[in-house]
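The residues making up each chain are set out below.
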Amino acid sequence: MRTSDFHYDLPEDLIAREPLPERSASRLLVLEESGEIQDRRFADLVDLLAPGDLLVFNDTKVIPARLYGRKETGGRVEILIERPLADDLALAHVRASKAPKPGQKIGLDQGFGCRVEGREGDLFRLRFVGAPLLEILECIGHVPLPPYIDRPDTEADRRRYQTVYARRPGAVAAPTAGLHFDEAVLARLAAKGVETAFVTLHVGAGTFQPVRVEELERHRMHREVFDVPQATVAAVERTRERGGRVVAVGTTAVRSLEAAAGSGKLIPCRGETELFIRPGYRFRCVDALVTNFHLPESTLLMLVCAFAGYEAVMRAYRHAVAQRYRFFSYGDAMFLSRKS
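Residues numbered from 1 in each chain as written. Predicted model: local features only at pLDDT ≥ 70, side-chain atom pairs only at ≥ 80, totals over all residues. Heavy atoms only, no water.

Asker: Mind showing me how you'd approach the sheet that holds strand 7 (residues 89–96) here?
Answerer: Strands in a sheet are paired, the pairing made by backbone hydrogen bonds, and the direction either parallel or antiparallel. In spatial order, the strands read 5-6-7-10-9-8; together these six strands close into a barrel with antiparallel pairing. Adjacent strand axes in the sheet meet at a mean angle of 45 degrees when their direction is disregarded. Sheet analysis places strand 6 (residues 76–86) next to strand 7, joined by eight bridges and oriented antiparallel. If you follow Ile-81 over to strand 7, its bridge partner there is Ala-92. Most of the contacts of helix 2 (residues 133–140) go to strand 6, to which it runs at about 140 degrees, and overall it touches strand 5 (66–71), strand 6, strand 7, strand 8 (105–108) and strand 10 (123–129). (Pairing = 2+ DSSP bridges. Helix = DSSP H or I, 4+ residues; strand = E, 2+ residues; numbered from the N terminus. Axes fitted to C-alpha atoms, helices over the stretch in contact; angles between N-to-C directions. Contact = heavy atoms within 4.5 Å.)

Asker: What am I meant to see in the sheet that holds strand 2 (residues 37–41) here?
Answerer: As summarised here, the arrangement of the nine strands in space is 2-1-17-16-14-3-12-13-15, forming an open sheet in which the pairing is mixed. Each of the sheet's edge strands pairs with one partner strand only, and the pair in question is strand 2 and strand 15 (269–273). Strand-to-strand, the axes of this sheet are offset by a mean angle of 25 degrees, without reference to chain direction. In this sheet, strand 12 (residues 195–201) lies alongside strand 3 (residues 54–58) in parallel orientation, the contact comprising five bridges. Along strand 12, the bridge assignment pairs Phe-57 with Phe-198.

Asker: Any chance you could explain the packing of helix 7 (residues 299–308) against helix 8 (residues 310–322) here in plain terms?
Answerer: Each pair of packed helices can be summarised by the angle the axes make with each other and by the distance between the axes. Contact pair helix 7 / helix 8: the axes reach a minimum separation of 7 Å and the direction vectors enclose 120 degrees. By the angle between their axes, helix 7 is oblique relative to helix 8. Mapping the contact onto sequence places Leu-301, Val-304, Cys-305 and Ala-308 in helix 7 and Tyr-310, Ala-312, Val-313, Met-314 and Tyr-317 in helix 8. The residue makeup of the contact of helix 7 with helix 8, split by class, is nine nonpolar, no polar and no charged. (Parallel < 35°, antiparallel > 145°, perpendicular 65-115°, else oblique. Nonpolar A, V, L, I, M, F, W, Y, C, P; charged D, E, K, R; others polar.)

Asker: Can you walk me through the packing of aromatic side chains in this structure?
Answerer: On inspection of all chains with the given rule, the structure shows 17 aromatic pairs. Ring geometry for Tyr-8 and Tyr-317: centres 5.0 Å apart, planes at 70 degrees, overall edge-to-face. Of the two residues, Tyr-8 is situated in the segment before strand 1 (27–31) and Tyr-317 in helix 8; the sequence distance between them amounts to 309 residues. The class for Tyr-8 is buried, based on a relative accessible area of 7%. Between Tyr-8 and Phe-327 the ring centres are 6.0 Å apart and the planes differ by 40 degrees, which places this aromatic pair in the tilted class. With Tyr-8 in the segment before strand 1 and Phe-327 in the loop between helix 8 and strand 17 (333–337), this residue pair connects regions lying 319 residues apart in the sequence. Across the ring face of Tyr-325, the terminal group of Arg-27 is positioned such that the distance to the ring centre comes to 3.9 Å. Between Arg-167 and the ring centre of Phe-198, over which it is positioned, the NZ or CZ distance is 4.5 Å. (Phe/Tyr/Trp six-rings, centres within 6.5 Å; stacked < 30°, edge-to-face > 60°. Buried < 20%, exposed > 50% of the residue type's maximum accessible area, 1.4 Å probe, protein only. Lys NZ or Arg CZ within 6 Å of the ring centre and 35° of its normal.)

Asker: I keep staring at helix 7 and nothing clicks. Help me out?
Answerer: Along an α-helix, residues three or four positions apart point the same way, because every turn accommodates 3.6 residues. Buried residues dominate helix 7, accounting for 10 of its 10 residues. Buried within helix 7 we find Thr-299, Leu-300, Leu-301, Met-302, Leu-303, Val-304, Cys-305, Ala-306, Phe-307 and Ala-308. Residues of helix 7 that are buried sit in contact with strand 1, helix 6 (251–260), strand 16 (288–292), helix 8 and strand 17. Following helix 7 by one or two positions, Gly-309 has its phi on the positive side, about 100 degrees.

Asker: Can you help me understand helix 5 (residues 230–242) in this one?
Answerer: With 13 residues, helix 5 ought to run about 18 Å at 1.5 Å a step, and its terminal C-alpha atoms sit 19 Å apart, in line with that. In this fold, the buried residues of helix 5 make contact with strand 3, strand 12, strand 13 (224–228), strand 14 (246–249) and helix 6. Once helix 5 finishes, Gly-243 follows within two positions and takes phi at roughly 80 degrees, a positive value. (Expected span 1.5 Å × (residues − 1).)

So this is what it looks like as structure tokens:
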């Protein structure tokens, strides 16, 4: 398949630029394994799951990763942290009229600053001074809203561009399927007997990068840090033994589980993954998926098509456009069963 096979037409006004007042008030498009489409509400997810099913969440926490500063020459600089490396060191994207050179200093608000130590490909190694990196970000950083949300971030985004179960700082983009879950929905799921488990994948800014080649086999995925703990492996094994379904919340949970099962069996695993899931991939762990609507020609849409079938997913997307679902990070959700 080719990148252009994953194109679809999306009216600009269907891009959700603000979250709904209530997380679980989103719509939910249900795509059955048979290809049948249902239009439901996200809160109906509780009815679609059975006692003994397992929901696997990504517990990464979005850091306020965007910073604004000035070079010693006065030129403006925009920094987007890609990955913290240490308490005072990070890999980052740097936008400036002229790329800073190693040794140059960048001044930030409130007396903080950083120094360019070098480059790794398109990223810059930045050494921060004045406080530990995460403290600097909490103090003066901005929420790294996706490029299609074309407005300044607000204080409300610090809460809403974050899942209610986020606990491990490191992501610069939210695992957006989880944004629909609130405490009430989680409580109803628990009362029904649906088990929960967690993986961690720190979503990088590369998730928004377009696929720049037409031949999919030539695309190289960006690397992201992930962790699948023993407790989650055990939860998956228990689910299999009792005949329940493993339901991934988001493409990041899928990639984490599948990366940890790369040997053919799910094992505890921590490291980096650049797993590119596209049609033809054989899934080892996941039976159903909760996910948002993804950008045209994106690797995320390719993963969903691999999971539930290309024709069925593209037809569901056309249905979502016609029914005026809200798209992307702050948009509506889908529930899909894996195609056999």
